Amino acid sequence: MAADESPRLLALNCGSSSIKFALFTLGLKKTASGMIEAIGGREAPRLRVAGEETETFGDPGQGHADLLPRLIDEVIVPRGGLITGVGHRVVHGGEDFDAPVRIDQTTRQALARLSPLAPAHQPHNLAGIDAVSQKLPGVTQIACFDTAFHATVPRVRREMALPRAYARKGLLRYGFHGLSYQHVAASLPSLGLAEGRVIACHLGNGASICGLINGRSSWTSMGFTPLDGLMMGQRPGRLDPGAVLWLIEQQGGDIAAVNTLLNKNSGLAGVSGVSGDMRVLMESGTDDARFAIDMYVDRLVEEIGSAAAAINGCDALVFSGGVGENASAIRAMAIERLKWLGFDLDPDANLASAQCITRHASRPKVFIVRADEELVIARAMAEPDGV
């Protein structure tokens, strides 16, 4: 496929088991997009490019670093025109990075030092940076941080109930999925919600909730790392710290083994014994798969309740992410449990994954906002001090 030589911006979003990409004109018109999913698993990764057939891309067990150079050479560059800037989603910015930043060697080293705080994500984000440096040398790269959006969360919620000296060393509840929530916040005025209290649920392989007041983060379910909060595809979410100490003891002090358990072998995958993919579990029919789904919904409802308490009410609930946007049964089960908040689900609208899935008279409303972290990244590149 021959590409023209018009300038393009590339947004690269390396998740825990996926790579998403999107190409934009300098005017932020999306010209191509796609993703590789099921990376690092037992199945071969799958490539989906918008408007094209899904195909196998690579071998089972191959990781992000294996696939990224080939993705750039074979998929992105042929569709990309003249790529003048690349923006990356970077999960953890720590306390030092609360806005997009140009990437140089010093910045990359600083991001690498944060890898222990997001071991299922940060190394993949760095792999994206390294692959672009190799395949598109000299092109400006910027990093956009998931943690930055939650800088507005009150300090009393960011610190933990430990001696405050630890907070001064950086032990804080940072929160994640900030680029997704930034896109949700930007979409709220078009939904009549420029002001008010909104609970946004980003439900994908990773999952979290954000309580927004007037479009700004005021509470979030994730904490110091992306392990906290909701039950996820491979991560357990909220867990008694004593249980972690017990697991370390059971593993003979092998912290690496417990790290692998919590980041890769828990959540839906661990409870079901089948898969961390909600689509697979919905079709499985096994007792453990059904139990895993029930647990997932139960944790979701609990955390939505916590968010409502934290922001003193709820004017609207928003679903985004692969599960949030597409799993109508999960949405229905959760909203049924949340009737006490005033939700009145429209079953037909929910089944169709319409933008608004509650009845006209429902107060509050429930909306679906399609996640577009890549657009947020592209907007950052298009800023005067971006690229």
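Within any chain, residue numbers begin from 1 and follow the written order of that chain's sequence. In keeping with the predicted nature of the model, local features appear solely for residues at pLDDT of at least 70, side-chain atom pairs appear and are counted solely at 80 or more, and the whole-chain, interface and lining totals rest on all residues. Heavy atoms throughout the structure, all of them, feed into the side-chain values; hydrogens and water do not.

Thoughts on the overall build of the protein
Helix and strand labels come from DSSP, where a helix needs a run of H or I of at least four residues and a strand needs a run of E of at least two; each type is numbered from the N terminus. In terms of regular secondary structure, the protein is built from 15 helices and 13 strands. When we talk radius of gyration, it's over C-alpha atoms, and the globule rule is simply 2.2 Å times the number of residues to the 0.38. Scaling as 2.2 N^0.38, a compact globule of 387 residues should have a C-alpha radius of gyration of about 21 Å, and the protein matches this with 20 Å. Every residue pair with non-hydrogen atoms within 4.5 Å of one another is taken to be in contact. Long-range contacts, defined here as pairs at least 24 residues apart, represent 62% of the contacts in the protein between residues at least 6 apart. Only carbon and sulfur atoms are counted for the fraction: they give 51% of the accessible area of the protein, which is about 17100 Å². Residue exposure ignores everything except the shown protein chains as possible cover, and the areas themselves are Shrake-Rupley values with a 1.4 Å probe.

Quick word on the environment of Gly215
Mapped onto the fold, Gly215 is located in the loop between strand 10 (207–213) and strand 11 (216–220). The spacing of Gly215 and Ala143 is 72 residues in sequence and 22 Å in space, taken between C-alpha atoms. If we ignore the near neighbours within four places in the chain, the residues touching Gly215 are Phe149, Ala185 and Leu188.

A few points about the side chain of Ser353
Considering the arrangement of structural elements, one finds Ser353 in the loop between helix 14 (347–351) and strand 13 (365–368). A polar atom in the side chain of Ser353 sits 3.2 Å from the backbone oxygen of Glu325. If near-sequence neighbours (up to four positions away) are discounted, Ser353 is found in contact with Glu325, Asn326, Arg331, Ile368 and Arg370. Side-chain atoms alone can form a polar contact between residues adjacent in sequence; in general such a contact is a pair of N or O atoms within 3.5 Å, and within protein one must be able to donate a hydrogen while the other accepts it.

Some words on the environment of Ala334
Examined against the element boundaries, Ala334 turns out to sit in helix 13 (residues 328–337). The cut-offs for exposure are 20% and 50% of the maximum accessible area for each residue type, with area from a 1.4 Å probe on protein chains only; residues under the lower value are buried, those over the upper are exposed, and the others partly exposed. The exposure class of Ala334 is buried, given its relative accessible area of 0%. Here the alpha-carbon distance between Ala334 and Gln250, two residues 84 residues apart in the chain, equals 35 Å.

Observations regarding the packing of aromatic side chains
The rule is short: rings of Phe, Tyr and Trp, with Trp giving its six-membered ring, pair when the centres are within 6.5 Å, and they are stacked under 30 degrees, edge-to-face over 60, tilted in between. What the rule picks out here adds up to two aromatic pairs. Judged by centre distance (5.1 Å) and plane angle (15°), the ring pair of Phe97 and Phe145 falls under stacked. With Phe97 in the loop between strand 6 (82–90) and strand 7 (101–102) and Phe145 in strand 8 (residues 140–145), this residue pair connects regions lying 48 residues apart in the sequence. Residue classification places Phe97 among the buried positions, given a relative accessible area of 15%. Exposure remark for Phe145: the relative accessible area of 3% places this residue in the buried category. A cation sits over an aromatic face here: Arg70 above Phe57, 4.0 Å from the ring centre. A ring is scored as having a charge over it whenever the NZ atom of a lysine or the CZ atom of an arginine sits within 6 Å of its centre and within 35 degrees of its normal.

Comments concerning the layout of surface pockets
Roughly 720 Å³ of volume is contained in the second largest pocket. Points on a 1 Å grid, built from protein atoms alone, make a cavity when a 1.4 Å probe fits but cannot get out and make a pocket when they are open with protein on both sides within 12 Å along at least 5 of 7 lines; residues with an atom within 4 Å of a point are the lining residues. Lining the second largest pocket are 25 residues, with Phe224, Thr225, Leu227, Leu239 and Val244 positioned closest to its centre. Contributions of two or more residues to the lining of the second largest pocket are made by helix 7 (241–250) and helix 8 (255–264). Residue contributions to the lining of the second largest pocket peak at five residues, all from helix 8. Tallied by class, the residues present in the lining of the second largest pocket amount to 17 nonpolar, five polar and three charged. Grid points are joined across faces, edges and corners, and a volume is the space filled by probe spheres set on the points. In this classification, Asp, Glu, Lys and Arg are treated as charged, Ala, Val, Leu, Ile, Met, Phe, Trp, Tyr, Cys and Pro as nonpolar, and every other residue, Gly included, as polar.

Overview of the sheet that holds strand 9 (residues 197–203)
Across the sheet, five strands lie side by side as 11-10-9-12-13; this open sheet has mixed pairing. Two strands in the sheet have a free side with no partner beyond their single neighbour: strand 11 and strand 13. Adjacent strand axes in the sheet meet at a mean angle of 25°, parallel and antiparallel pairs treated alike. Paired strands, in this sense, are two strands between which DSSP finds at least two bridges. Bridging between strand 10 and strand 11 involves four bridges; their strand directions are antiparallel. Across the sheet, the residue bridging to Leu212 is Ser217, located in strand 11. Angular values range over 0 to 180 degrees, each being the angle between N-to-C directions of two axes fitted as lines to C-alpha atoms, with helices fitted over their stretch in contact. Sheet strands in contact with helix 11 (residues 287–310) are strand 9, strand 10, strand 11 and strand 12 (316–320), and its direction is about 155° off that of strand 9.

Section: the packing of helix 2 (residues 105–113) against helix 3 (residues 122–135)
The geometry of helix 2 relative to helix 3 is characterised by a closest axis approach of 9 Å and an angle of 160° between their N-to-C directions. Viewed along their axes, helix 2 and helix 3 adopt a mutual orientation that is roughly antiparallel. Judged by the twist between their axes, the crossing of helix 2 over helix 3 is left-handed. Packed against helix 2, whose contacting residues are Arg108, Leu111 and Ala112, the element helix 3 presents Gln122, Leu126, Ile129 and Asp130 at the interface. The class makeup of the residues in the contact of helix 2 with helix 3 is four nonpolar, one polar and two charged. An angle counts as roughly parallel when it lies under 35 degrees, as roughly antiparallel when it exceeds 145, as roughly perpendicular when it falls between 65 and 115, and as oblique in every other case. In this scheme the handedness of a crossing depends on how the near helix is turned from the far one: anticlockwise by less than a right angle means left-handed, clockwise means right-handed.

Observations regarding the pattern of salt bridges
Only one rule defines a salt bridge in this text: a Lys or Arg side-chain nitrogen within 4 Å of an Asp or Glu carboxyl oxygen. Under the definition given, this model contains 22 salt bridges. One salt bridge connects Glu43 with Arg46, and the closest N-O pair in it is separated by 3.0 Å. Across the pair Glu159 and Arg164 runs a salt bridge, and its minimum N-O distance is 2.7 Å. On the accessibility criterion, Glu159 (14% relative accessible area) is buried. Where salt bridges share partners, they join Glu37, Glu43, Arg46, Arg48, Asp277 and Arg279 into one cluster.

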